[in-house]
Amino acid sequence: MKFVTNNLTSQQQGLKKLQVYPNPITDGLVNIEIPTYFSSDLEFIISNIAGQVVYATQKRMDSNGKVRLSNLQLSTGIYILEVIDSKSDKKLSQKLIIQ
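Below: a short report on this structure. Note that the structure is a prediction, hence the values are computed from the model and not measured.

Points about the nonpolar core
Phase 1 of the analysis: One finds I32, I34, F44, L69 and L81 to be the most contacted residues of the largest nonpolar core, which totals 22 residues.
Phase 2 of the analysis: Of all the secondary-structure elements, those providing two or more residues to this core are β2 (30-33), β3 (41-48), β5 (66-69), β6 (77-85) and β7 (91-98).
Phase 3 of the analysis: Contacts of I34, omitting those with residues within four sequence positions, involve L18, L42, F44, M61, G65 and V83.

Okay, structure coming up:
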């Protein structure tokens, strides 16, 4: 039997997921920090809990790995944000709450 130890720092572990803020969203504006292993060409899809796509766009992240989505005109509720790397098809998702 072989055991493997994960020696990633908490900062390195955080790079594996999206950072979405503010969440809950109250003003139609959301900032997204993308992991460094994603390319800069990204697709953003927001789906409602029934799986229907309610928002989709393509954007490039800035040099700090951030993207801002604005003018989100979504009804109050829970949604899923999916970020797709257009070059490699890597995907990450995060729950969004609209208030």
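Section: the environment of S39
Phase 1 of the analysis: Assignment of secondary structure puts S39 in the loop between β2 and β3.
Phase 2 of the analysis: Separated by 46 residues in sequence, S39 and D85 have C-alpha atoms that sit 6.1 Å apart.
Phase 3 of the analysis: Not counting residues up to four positions away in its chain, the partners in contact with S39 are M61, D85 and K87.

What counts, and where the lines are drawn
Residues numbered from 1 in each chain as written. Predicted model: local features only at pLDDT ≥ 70, side-chain atom pairs only at ≥ 80, totals over all residues. Heavy atoms only, no water. Core = buried A, V, L, I, M, F, W, Y, C linked by side-chain atoms within 4.5 Å. Buried < 20%, exposed > 50% of the residue type's maximum accessible area, 1.4 Å probe, protein only. Helix = DSSP H or I, 4+ residues; strand = E, 2+ residues; numbered from the N terminus. Contact = heavy atoms within 4.5 Å.

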